[in-house]
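Read off the chains here:
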Amino acid sequence: MHVTEHTPPTFLAQAKDDPISSVENSILMQQALEKYHVSSDMILFSNGGHGWGLGKTGTDTTQWPDLFLTWLEQIRIL
């Protein structure tokens, strides 16, 4: 509801098995960003739960910092 054409570039990363926040929230956010043509990327990991910081050992969530840096390069922030 708060996304506009002035929303800054947004990177979303979430585990599908997050027991706290439904992955549907990230999907809805991504759809809103696309609607307003806001530069964005969404990475969904199959597991990792909630609150994994820089990545939860033994899950694919450890990839998110590198994926984020790659995205920043792609949108020419870095």
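Residues numbered from 1 in each chain as written. Predicted model: local features only at pLDDT ≥ 70, side-chain atom pairs only at ≥ 80, totals over all residues. Heavy atoms only, no water.

(A) Expanded view of the environment of methionine 42. As for its position among the elements, methionine 42 is in strand S2 (residues 40-45). What makes methionine 42 partly exposed here is its relative accessible area of 24%. Distance from methionine 42 to phenylalanine 11, taken between C-alpha atoms, is 6.0 Å for residues 31 residues apart in sequence. Those residues within four positions of methionine 42 in sequence are excluded, and the remaining contacts are Leu12, Ser26, Ile27 and Gln30. (Helix = DSSP H or I, 4+ residues; strand = E, 2+ residues; numbered from the N terminus. Buried < 20%, exposed > 50% of the residue type's maximum accessible area, 1.4 Å probe, protein only. Contact = heavy atoms within 4.5 Å.)

(B) Layout of the packing of aromatic side chains. Tallied over the full model, the rule gives 6 aromatic pairs. Taken together, a centroid distance of 5.1 Å and an interplanar angle of 65° make the contact between phenylalanine 11 and phenylalanine 68 edge-to-face. Within this pair, whereas phenylalanine 11 is found in strand S1 (residues 10-15), its partner phenylalanine 68 is found in helix H2 (residues 64-74), the two being separated by 57 residues in sequence. The class for phenylalanine 11 is buried, based on a relative accessible area of 16%. Through successive ring pairs, a cluster of aromatic residues spans Phe11, Trp64, Phe68 and Trp71. (Phe/Tyr/Trp six-rings, centres within 6.5 Å; stacked < 30°, edge-to-face > 60°.)

Any functional reading would require information beyond the geometric quantities listed.
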